Amino acid sequence: MKALMLALVLIQQAPLDSIPDFSHPWDLGECIEWAMDHNLSIKSQEAGVSQSELSLNTARNAWLPSVSASASENLSFGRGLSADNTYVQSNTTSTAFSIGAGMNLFDGLATPARMELSRLNLEASISELDRVKEDISISVAKAYVQVLYDYEILDVARQQIAIDSAQVERLVAMAAIGKASAAEVSQQKASYAQSVVTLTQAENNLVAGMLDLCQLLELPLDGAFTIVRPEVETGDILLPSVDDIYADAVLERPSVKAEQFRLEGAGQQLRIAKSALYPSLSLSGGIGTNYYSMKGSNTGFFDQLSNNFSQYIGLSLNIPIFSRFEIRNSIRSAQLDRERQSLQLETARKSLYKEIQQAWNNAAAAEAKYKASELAHSAAEDAFLLVEAKYENGRATITEFNESRNQLLKTSSDLVQATYEYVFQTRILCFYRGEPLAL
């Protein structure tokens, strides 16, 4: 009842699109889609993208004129300037109003360079967001496959429980008619107890795997959440060469694209630094008026505002001559930043190539392990059937039976692990080539 009340409270507080639908098992695509919408690391990076969008908007608006208005009121005590331009001993008041505007006409092309820099920074932020999404997708897929593996191991453990339970009942019945010894019964009960321990460990591993997956999805560990257990297709997968995968990946991988955008941004930073060598030209203009009052002054407030109304317009040219080598050092610093970013891009490309090499080696090793595990499991299964037949006919001992059974259990577990590892590693190679993660 408490759990139901808590669920109702959460549903009332959460927006509709954030309420998970546990009415059906989730496949890998649904898990990844939910993670894209709710993972906190992704949301944090999305905030960075929004910040970059604001910076780009600010840079674009730099072409617009700036307009400001002001008003002031001053009181002076003691000597003041009279209407006939002489100083007398009298208190005065003055009021002023003005509106001014200024506009940049030329700044050595720094403004368009800042606009382009802001655009490149936005592209880099979007690429970083894509990189985070890819990392989360891979983590979700890995956790999903681990849960599938845990389910399979749990099934194997349950099958073993069924076998051991049947053998215990069989030996107890045989011991009752004197065809089995008490030692054999005890030995089989011990094997059954060990299978129960294995089953308990498999159940715990499944819970731990589900917890990891739920944490990646920002979901509570709820018994209502289940996943689809698809029929995994292995088949003969032709592994493409490392160079072919890299040729596709280097053009699309967000980690490389982000560094490429940053390199182009470093070029814009150099343009901005060099723009300080050129003259700058700005346009300004405005209107204003004021009111001045002294004891004995008879001119009215609005009359003075009308009489004192003024306008102005002006051009300002600033020519750099000597800046204590600040401009020179800024240019050199920007050049060094561009060289450093070029190295960063090359490092990202080499890191990607190493990642693909490692992924290819993992896939090749997983393929070899999967094929070897298939052969081992097939041999262990044939051996177990033979030993089981001998044991039932009294030609094999209980020890031989348990050894053969344990070997079959081990090869079954190894085959399940090898299958999912093979599938996951080959899917990772496809992911590097731009294909979505799927089982």
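Trainee: Would you explain the overall build of the protein in this entry?
Mentor: Counting its regular elements, the protein contains 10 helices and six strands. The C-alpha atoms of the protein give 39 Å as radius of gyration, which overshoots the globular expectation for 439 residues (22 Å, by more than 25%). Along the longest, intermediate and shortest principal axes, the C-alpha atoms of the protein span 140 × 60 × 35 Å. Counting over 439 residues, the protein shows a buried share of 34%. Once local pairs closer than 6 in sequence are excluded, the contacts in the protein between residues at least 24 apart make up 80%. By element, 56% of the accessible surface of the protein is carried by carbon and sulfur atoms, the whole surface being about 25,900 Å². Averaging the coordinates of the 36 positive side-chain charges in the protein and doing the same for the 53 negative ones gives two points 8 Å apart.

Trainee: Could you clarify how one ought to interpret the packing of aromatic side chains in this entry?
Mentor: In this description, an aromatic ring pair is defined by two values, namely the gap between the centres and the angle between the planes. Overall, the coordinates contain 10 aromatic pairs when judged by the stated rule. Ring geometry for W26 and W34: centres 5.6 Å apart, planes at 55 degrees, overall tilted. Overall, W26 belongs to the buried group, its relative accessible area being 4%. According to the relative accessible area criterion, W34 is buried, its value standing at 10%. Taking the centre distance of 5.2 Å and the plane angle of 85 degrees together, the rings of F301 and F302 count as edge-to-face. The partly exposed category is assigned to F301, whose relative accessible area is 31%.

Trainee: Whenever I open this one, the nonpolar core confuses me. Can you help?
Mentor: As a rule of thumb, soluble globular proteins bury nonpolar side chains together. Counting 58 residues, the largest nonpolar core has V140, L213, L217, F225 and I227 as its most contacted members. Among the secondary structure elements, those contributing two or more residues to this core are α2 (28-38), α3 (40-60), α4 (110-176), α5 (182-217), α6 (242-252), α7 (254-275), α9 (326-392) and α10 (398-432). Among the elements that line this core, the one with the most residues is α4, at 17 residues.

Trainee: Hey, could you run me through the pairing of strand β5 (residues 280-294) in this one?
Mentor: Regular strands have side chains that alternate between both faces of the sheet. Direction of pairing for strand β4 (residues 92-106) relative to β5: antiparallel, over a ladder of 14 bridges. Bridged to T92 within β5 is M294. Relative to strand β6 (residues 310-318), β5 runs antiparallel, the two sharing nine bridges. The residue of β6 that forms the bridge with I287 is Q311.

Trainee: What is the right way to read the pattern of salt bridges from this model?
Mentor: Evaluation of the coordinates by the stated rule reveals 15 salt bridges. A salt bridge links R131 to D135; the nearest nitrogen and oxygen atoms lie 2.9 Å apart. Of this pair, R131 and D135 both sit in helix α4, four residues apart, which is roughly one turn of that helix. Owing to a relative accessible area of 28%, R131 belongs among the partly exposed residues under this scheme. A salt bridge links K369 to E421; the shortest N-O distance between them is 3.5 Å. Remark: E421 occurs in helix α10 and K369 occurs in helix α9; sequence separation between them is 52 residues.

Trainee: Hey, could you run me through the environment of L277 in this one?
Mentor: With respect to the element layout, L277 can be found in the loop between α7 and β5. Through-space distance from the C-alpha of L277 to that of F322 is 9.7 Å; in sequence the pair is 45 residues apart. L277 has contacts with P320, I327 and I331, leaving out every residue within four places of it along the chain.

Parameters at a glance
- Residues numbered from 1 in each chain as written.
- Predicted model: local features only at pLDDT ≥ 70, side-chain atom pairs only at ≥ 80, totals over all residues.
- Heavy atoms only, no water.
- Helix = DSSP H or I, 4+ residues; strand = E, 2+ residues; numbered from the N terminus.
- Rg over C-alpha atoms; globule rule 2.2 N^0.38 Å.
- Buried < 20%, exposed > 50% of the residue type's maximum accessible area, 1.4 Å probe, protein only.
- Contact = heavy atoms within 4.5 Å.
- Areas by Shrake-Rupley, 256 points an atom, 1.4 Å probe, with all protein chains shown as cover.
- Lys, Arg positive; Asp, Glu negative; His and termini not counted.
- Charge placed at Lys NZ, Arg CZ, Asp CG, Glu CD.
- Phe/Tyr/Trp six-rings, centres within 6.5 Å; stacked < 30°, edge-to-face > 60°.
- Core = buried A, V, L, I, M, F, W, Y, C linked by side-chain atoms within 4.5 Å.
- Pairing = 2+ DSSP bridges.
- Salt bridge = Lys/Arg side-chain N within 4 Å of Asp/Glu carboxyl O.

Read these as spatial facts, not as claims about activity.
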